[in-house]
Amino acid sequence: MTEAEIIEKINLFLAEEFEVEPEKITPNARLKETLELDSLDYIDLAVVIEHNLHFKVKPEDFTRMITVQDFYQYAFAKCGV
């Protein structure tokens with residue numbers, strides 16, 4: 001999977017599963033403040049990631065993800081790209 005494919009998948013499931021407006025999903029968008037994700041959303045997000053990107057996320061990993069770009073970088077590392 002390429003970086004572009006990972007970004008596309010992440011953006012798609014943020015928009016579909018969490019009803020985030022696509023124009024809000026930018027690299028600098030903050031997960032909590034801009035996208036309005038809360039701790040329960042992070043649990044759901046972990047399940048969606050496992051299903052769509054095929055790796056597990058530890059809850060403590062979310063503490064290091066502030067922006068969408070942080071999330072992308074995390075996914076790139078986990079997917080080996």
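Higher on the page you've got the structure.
This structure is a prediction, so every number in the text was calculated from the model and none was measured. (Residues numbered from 1 in each chain as written. Predicted model: local features only at pLDDT ≥ 70, side-chain atom pairs only at ≥ 80, totals over all residues. Heavy atoms only, no water.)

Chemist: How do you make sense of the nonpolar core when you look at a structure like this?
Modeler: If you look at soluble globular proteins, the nonpolar side chains tend to sit buried side by side. In terms of nonpolar packing, the biggest core is built from 27 residues, with Ile-10, Leu-35, Leu-45 and Ile-49 touching the most fellow members. When residues of this core are traced back to their parent elements, those giving at least two are helix 1 (3-17), helix 2 (39-53) and helix 3 (68-79). Excluding anything up to four places from it in sequence, Leu-45 contacts Phe-13, Leu-14, Phe-18, Leu-37, Phe-62 and Phe-71. (Core = buried A, V, L, I, M, F, W, Y, C linked by side-chain atoms within 4.5 Å. Buried < 20%, exposed > 50% of the residue type's maximum accessible area, 1.4 Å probe, protein only. Helix = DSSP H or I, 4+ residues; strand = E, 2+ residues; numbered from the N terminus. Contact = heavy atoms within 4.5 Å.)

Chemist: Before we go on, may I ask you to explain the packing of helix 1 against helix 3 in this structure?
Modeler: Packed helices, taken two at a time, are described by the angle between their axes plus the distance between the axes. Interaxial distance between helix 1 and helix 3 falls to 10 Å at its minimum, and their mutual angle equals 125 degrees. One element, helix 1, and the other, helix 3, form an angle in the oblique class. Between helix 1 and helix 3 the crossing geometry is right-handed. Contacts between helix 1 and helix 3 involve Glu-3, Ile-6, Ile-7, Ile-10, Asn-11 and Phe-13 from the first element and Phe-71, Tyr-72, Ala-75, Phe-76 and Cys-79 from the second. Class assignment for the residues of the contact of helix 1 with helix 3 results in nine nonpolar, one polar and one charged. (Axes fitted to C-alpha atoms, helices over the stretch in contact; angles between N-to-C directions. Parallel < 35°, antiparallel > 145°, perpendicular 65-115°, else oblique. Left-handed = near helix turned anticlockwise from the far one by under 90°. Nonpolar A, V, L, I, M, F, W, Y, C, P; charged D, E, K, R; others polar.)

Chemist: For this particular structure, what's the right way to read the packing of aromatic side chains?
Modeler: The relation between two aromatic rings is expressed through the spacing of the ring centres and the mutual angle of the planes. Considering all chains together, one arrives at four aromatic pairs under this definition. Between Phe-55 and Tyr-74, the aromatic rings sit 6.0 Å apart at their centres with planes inclined by 65 degrees, giving edge-to-face as the arrangement. You can see Phe-55 sitting in the loop between helix 2 and helix 3 and its partner Tyr-74 sitting in helix 3, a full 19 residues away along the chain. Each of the two residues, Phe-55 as well as Tyr-74, counts as buried. (Phe/Tyr/Trp six-rings, centres within 6.5 Å; stacked < 30°, edge-to-face > 60°.)

Chemist: Please clarify how the environment of Glu-33 should be interpreted in this entry.
Modeler: Looking at the element boundaries, Glu-33 is found in the loop between helix 1 and helix 2. Sequence separation of Glu-33 and Thr-67 is 34 residues, and the distance between their C-alpha atoms is 9.4 Å. Among the polar contacts listed, one links the side chain of Glu-33 to the side chain of Arg-30, at a separation of 3.2 Å. (Polar contact = N/O pair within 3.5 Å; in protein donor to acceptor, adjacent residues only side chain to side chain.)

Chemist: Which parts of the structure should I look at to understand the packing of helix 1 against helix 2?
Modeler: Close contact between helix 1 and helix 2 brings their axes to 11 Å; oriented N to C, the two are set at 135 degrees. Here helix 1 is positioned oblique relative to helix 2, judged by the angle of their axes. As helix 1 runs across helix 2, the sense of the crossing is right-handed. Residues Lys-9, Ile-10, Phe-13, Leu-14 and Glu-17 of helix 1 pack against Leu-45, Val-48, Ile-49, Asn-52 and Leu-53 of helix 2.

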